[in-house]
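Working through the structure, step by step
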Amino acid sequence: MKVMKFGGTSVGSAKSILGVKKIVESVQKPVVVVVSALGGITDQLLDTSKLASQGDFTYEKGYSTIVNRHIEVVEDVVPADKKNMVLKEITFLLDELGNILKGVFLVGDLSPKTSDIVVSYGERLSSLIVSHVIEGAKLFDARDFIKTEKQFGKHIVNFKETNPLICEQFADLSEISVIPGFISRDLKTEEVSNLGRGGSDYTASIIAAALNASVLEIWTDVDGFMTADPKVISNTYVIEELSYIEAMELSNFGAKVIYPPTIFPVYHKNIPVRIKNTFNPEAPGTLISRTRVEERKSIKGISSINDTCLITVQGLGMVGVIGVNYRIFKALSKSGISVFMVSQASSENTTSFAVRNADADLSVAALQEEFAHEIEQGEINNVKAEKGLATVAIVGDNMKRTPGIAGKLFGTIGRSGISVIACAQGASETNISFVIKAEELRKALNSIHDSFFLSEYQVLNIFLAGIGTVGGSLLEQIKRQQQMLMEQKRLRLRVVGIADVNRAVFDRNGIDLERYRQELNDNGQPNSPGLLREEILKMNIFNSVFVDCTASAEISAVYGDFLSHNISVVAANKIATSSSYKDYLQLKETARRKGIKFLFETNVGAGLPIINTMNALINSGDRVLKLQAVLSGTLNFIFNTISAEVPLSRAIRLAQEARFSEPDPRIDLSGTDVIRKLVILSRESGYPVEQADVIKNLFIPDKYFQGSLDDFWKSIPELDAEFEAKREKLESENKKYRFVAEMNNGKCEVGLKEVAMGNPLYDLEGSNNIIMITTERYNEYPMIIKGYGAGAGVTAAGVFADIISIANIR
């Protein structure tokens, strides 16, 4: 025999009730069916009765809505031969309800007793309808055998009386028994009572335990327990099996799949519970049982309560005093307040506990009264209530005796920039719960879900500024690699923000990379550094990275804000790392302190692994003594292109057309870019170098940098003859020009040098870069890194590599 409970959404419409009929009639008999009120009716009953008690005539409109809803359902689902009889019975109950509401309206009072009677009509009406829809069903009244007692203002089941009554009532079990959930009767007064919101689950569990059912099925509108709230996390999935304890913990902390007290009766009889979806009956659902399933994952699910207030009782007068906590919870119990989390300092001077926000003021008042003397004497401070919080719990039997779970949890939360206000873990090690600010809940849930492998994919959220040659190429590379990264690395790269010079667009669900330019044009906001900062921080997305593919000083100025809010930064823009040494150190220190990353590999050498290699050497104990490098792909291209047929001015023009140079090539010719790169490398080598410290030996006279770009193009051919003469001389001596950057024990210099054949800097084709790194280990034979040092594709690839390193692919 099985017990099946169908919730409000399962009997919320004519179509869903017919679905229940099909499900019940297809199972092996006998079966007990417990039903809730039609979806939304309990709330309507409470709202309507409240309006009536306030003397508000609009209660009649609410009552009419309830009447019409039930009449329409009867018309749509009850067979024709029963319809008149059912309508008569339904109308009788509705008339009773109407008279009660009218009485409430006239006296202007709604007592708890009357309220209990009013809400009982929801299940009485729905069970009556369902019993006449399911073929061969017999209706029973739960008030005849579910008996309660009043304790602390709540109706508590008296199992000693209830269980024998259930066994007696169902000694001769019908093929299909239909029972209204939720409702009960007080043992002493015989007045109507109820088991609390969600009590229909509890009704079904009580009956299943009393009758030793083979299984309890809870039919609802979801496929089972999910790994987290699907309204917050898009990639949750159904948990196939849970232990009773795991289910209880998840339910207590906000998982609304099952009413928490439901577990208790069936647990003691070892009756499994199956969560099923009325609207997807083929889905296997979630099985709750005593059997422990061995799994690789350390936690089963995450649950949360976003309606949390933390009450704190604190004072040195609590230390070593026996009975303080007894008094705290006695006072709360007398006031009927439920506590769902407790955290106490080991010094005993602070006890904090979590309650619903609605109970906050009453909790404070009760404790202020209980400890009035101690507060007056200064032994205990005034009781403090902190509202606007959320509670998160991670749950799983596999956490028991598994080292590092708490460390990983709080490390994950910390890296996301979320402060934990209070935490608790029982000795059973099945649950770790903690309190945070409510606005951080979404971020916390997503980061935990991702970190503990509950997500199918690890997600990295990307904000990109700049969609020129490098940024545009990066988006193309991401688009091409997305599928491979998901399939082979279980990594989802989600671009959630894109900005160009004029416009910006944001979408936490991800921007379609096939049409991002169209999206910018159609839906983009006017862009500015201030807007970028405001929107990115407001989105507050977990595991996110800001990628800067601009050359904007204003954009680089917001790095610090992003890093301080636990957003990693990847920069192709080299302004931040080459400006003030103090600012450079501050950014590095912020990233280190926050446990995130500030990466800028492409600041030097495009996609060449120069900075990473130097860091690896230094981190392993080596010391950089000297650097000698050709770091400008543009200048190297120019000097490799100059020939008898191609003068200097033409070579510069070709570099611009090939997009090796900036749109204004004077930026490259001035050596500014090389100076910045040398400063960055020197700093990464451990030397506190400023740009002003670099000695400059430039090859283009200052006058050519004055005036407009047009003036430059007109005047630069004046140098062609001079450079051709020098080139011929060098060629005869088997030498070449190279614009070389050098650092020797912190002293830096850039300038044009003649390089002889045999020197590693000599054979450098096209726009290639080369760097020779002399260290204490690589002293006699310096380490050489050589390859493409310019171009959108290789630079974008270097940025992409930095992004992937932030993801820490598992």
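Note: the structure precedes this text.
Report follows, based on the coordinates. (Residues numbered from 1 in each chain as written. Predicted model: local features only at pLDDT ≥ 70, side-chain atom pairs only at ≥ 80, totals over all residues. Heavy atoms only, no water.)

Focus on the overall build of the protein
The number of helices and strands found in the protein is 29 helices and 31 strands. Expressed as a percentage of the 810 residues in the protein, the buried residues total 53%. Residue pairs in contact within the protein that sit at least 24 positions apart in sequence constitute 72% of those at least 6 positions apart. In the structure as shown, the protein presents an accessible area of about 35,300 Å², 49% of it carried by carbon and sulfur atoms. Side-chain charges of the protein comprise 89 positive and 98 negative groups, with the mean position of each set lying 2 Å from the other. (Helix = DSSP H or I, 4+ residues; strand = E, 2+ residues; numbered from the N terminus. Buried < 20%, exposed > 50% of the residue type's maximum accessible area, 1.4 Å probe, protein only. Contact = heavy atoms within 4.5 Å. Areas by Shrake-Rupley, 256 points an atom, 1.4 Å probe, with all protein chains shown as cover. Lys, Arg positive; Asp, Glu negative; His and termini not counted. Charge placed at Lys NZ, Arg CZ, Asp CG, Glu CD.)

Comments concerning the pairing of strand β2 (residues 31-35)
Burial within β2 is extensive, with 5 of its 5 residues counted as buried. As judged from the 5 bridges shared by strand β1 (residues 2-6) and β2, these two strands associate in the parallel manner. The residue bridging Lys2 from the neighbouring strand is Val31, located in β2. Each parallel crossover has a hand, and the one from β1 via helix α1 (residues 14-26) to β2 is right-handed. Relative to strand β6 (residues 176-180), β2 runs parallel, the two being bridged by 5 bridges. Paired with Val34 across the strands is Ile179, a residue of β6. (Pairing = 2+ DSSP bridges. Right-handed = clockwise from strand over helix to strand, strands pointing away.)

Brief notes about the packing of aromatic side chains
One pass over the full model with this rule turns up 22 aromatic pairs. Here Phe140 and Phe170 contribute two aromatic rings whose centre-to-centre distance is 4.8 Å and whose plane-to-plane angle is 50°, an arrangement assigned as tilted. Remark: Phe170 occurs in the loop between α6 (159-169) and β6 and Phe140 occurs in the loop between β3 (137-139) and β4 (147-151); sequence separation between them is 30 residues. Both rings, one in Phe639 and one in Tyr737, keep their centres 6.0 Å apart while their planes meet at 55°; by these two values the pair is tilted. Here Phe639 is found in helix α23 (residues 633-641), whereas its partner Tyr737 is found in strand β28 (residues 735-744), with 98 residues between them in sequence. Each of the two residues, Phe639 as well as Tyr737, counts as buried. Through a chain of ring-to-ring contacts, the aromatic side chains of Phe546, Tyr559, Phe562, Phe598 and Phe600 assemble into a single cluster. Taking NZ or CZ as reference, Arg290 lies 4.8 Å from the ring centre of Tyr267, over its face. Between the NZ or CZ atom of Lys408 and the centre of the ring of Phe452, over which it lies, the distance is 4.8 Å. (Phe/Tyr/Trp six-rings, centres within 6.5 Å; stacked < 30°, edge-to-face > 60°. Lys NZ or Arg CZ within 6 Å of the ring centre and 35° of its normal.)

Regarding the environment of Cys423
Structurally, Cys423 can be placed in strand β17 (residues 422-425). Once the C-alpha coordinates of Cys423 and Gln344 are considered, the two residues, 79 residues apart in sequence, prove to be 8.9 Å apart. Residues contacting Cys423, with those up to four places away along its chain left out, are Met341, Ser343, Phe410, Ser433 and Phe434.

Brief notes about the packing of α23 against helix α24 (residues 648-657)
Between α23 and α24, the least distance of the axes is 9 Å, while the angle of their chain directions is 135°. The pairing of α23 with α24 is recorded here as oblique in orientation. Between α23 and α24 lies a crossing of right-handed hand. Of the residues in α24, those in contact with Thr634, Phe637, Ile638 and Thr641 of α23 are Leu648, Ala651, Ile652, Leu654 and Ala655. Classifying every residue of the contact of α23 with α24 by side-chain character gives 7 nonpolar, 2 polar and no charged. (Axes fitted to C-alpha atoms, helices over the stretch in contact; angles between N-to-C directions. Parallel < 35°, antiparallel > 145°, perpendicular 65-115°, else oblique. Left-handed = near helix turned anticlockwise from the far one by under 90°. Nonpolar A, V, L, I, M, F, W, Y, C, P; charged D, E, K, R; others polar.)

Comments concerning the sheet that holds strand β8 (residues 192-194)
An order of β5-β4-β7-β8 is seen for the 4 strands of this open sheet, with the pairing classed as mixed. Strand pairing shows two members of the sheet lacking a second neighbour, β5 (154-157) and β8, which therefore form its edges. With strand direction ignored, the average angle separating the axes of adjacent strands in the sheet is 55°. Pairing of strand β7 (residues 183-186) with β8, which is carried by 3 bridges, proceeds in the antiparallel orientation. In the strand pairing of β8, Ile183 is matched with Asn194. The strands touched by helix α5 (residues 112-133) are β5, β7 and β8; relative to β8, the strand with the most contacts, the crossing angle is about 70°.

A closer look at the sheet that holds β6
Spatially, the 8 strands line up as an open sheet ordered β3-β6-β2-β1-β9-β11-β12-β10, and their pairing is mixed. Of all strands in the sheet, those bounded by a partner on one side alone are β3 and β10 (241-243). The average undirected angle you get between the axes of adjacent strands in this sheet is 25°. Sheet topology places β1 next to strand β9 (residues 215-220); 5 bridges connect them, and they run parallel. Bridge pairing in β9 links Met4 to Glu217. Its contacts with the sheet put α1 on β1, β2, β6 and β9, and the angle it makes with β1 is roughly 175°.

Focus on the pattern of salt bridges
Under the defined criterion, the tally for this structure stands at 33 salt bridges. Across the pair Lys703 and Glu718 runs a salt bridge whose closest N-O atoms are separated by 4.0 Å. Here Lys703, found in the loop between β27 (695-697) and α27 (709-715), pairs with Glu718, found in the loop between α27 and α28 (720-732); they are 15 residues apart in sequence, far enough to count as distant. Glu731 is the partner of Arg727 in a salt bridge, and the nearest nitrogen-oxygen pair spans 3.3 Å. Separated by 4 residues within a single helix, Arg727 and Glu731 lie in helix α28, roughly one turn from each other. Each of Lys729, Glu733, Lys735 and Glu754 takes part in salt bridges that share partners, so that together they form one network. (Salt bridge = Lys/Arg side-chain N within 4 Å of Asp/Glu carboxyl O.)

Describing unusual backbone geometry
In the segment running from Lys29 into Pro30, the intervening peptide bond is cis, with an omega of 0°. Mapped onto the elements of the fold, Pro30 is located in the loop between α1 and β2. Even without glycine at this site, Asn212 takes up a positive phi of about 55°. When you line up the elements, Asn212 lands in the loop between α7 (199-210) and β9. Take Asn212: its relative accessible area is 52%, and that puts it in the exposed class. Although it is not a glycine, Asn734 sits at a positive phi angle of roughly 55°.

Let's talk about the packing of helix α15 (residues 469-489) against helix α29 (residues 792-807)
Packing of α15 against α29 leaves a shortest axis separation of 8 Å and a crossing angle of 55°. The angle between α15 and α29 places the two elements in the oblique class. Relative to α29, α15 is oriented so that their crossing is right-handed. On the side of α15, the interface is formed by Thr469, Val470, Ser473, Leu474, Gln477, Ile478, Gln481 and Leu485, while α29 contributes Ala792, Gly793, Thr795, Ala796, Ala797, Val799, Phe800, Ile803 and Ile804.

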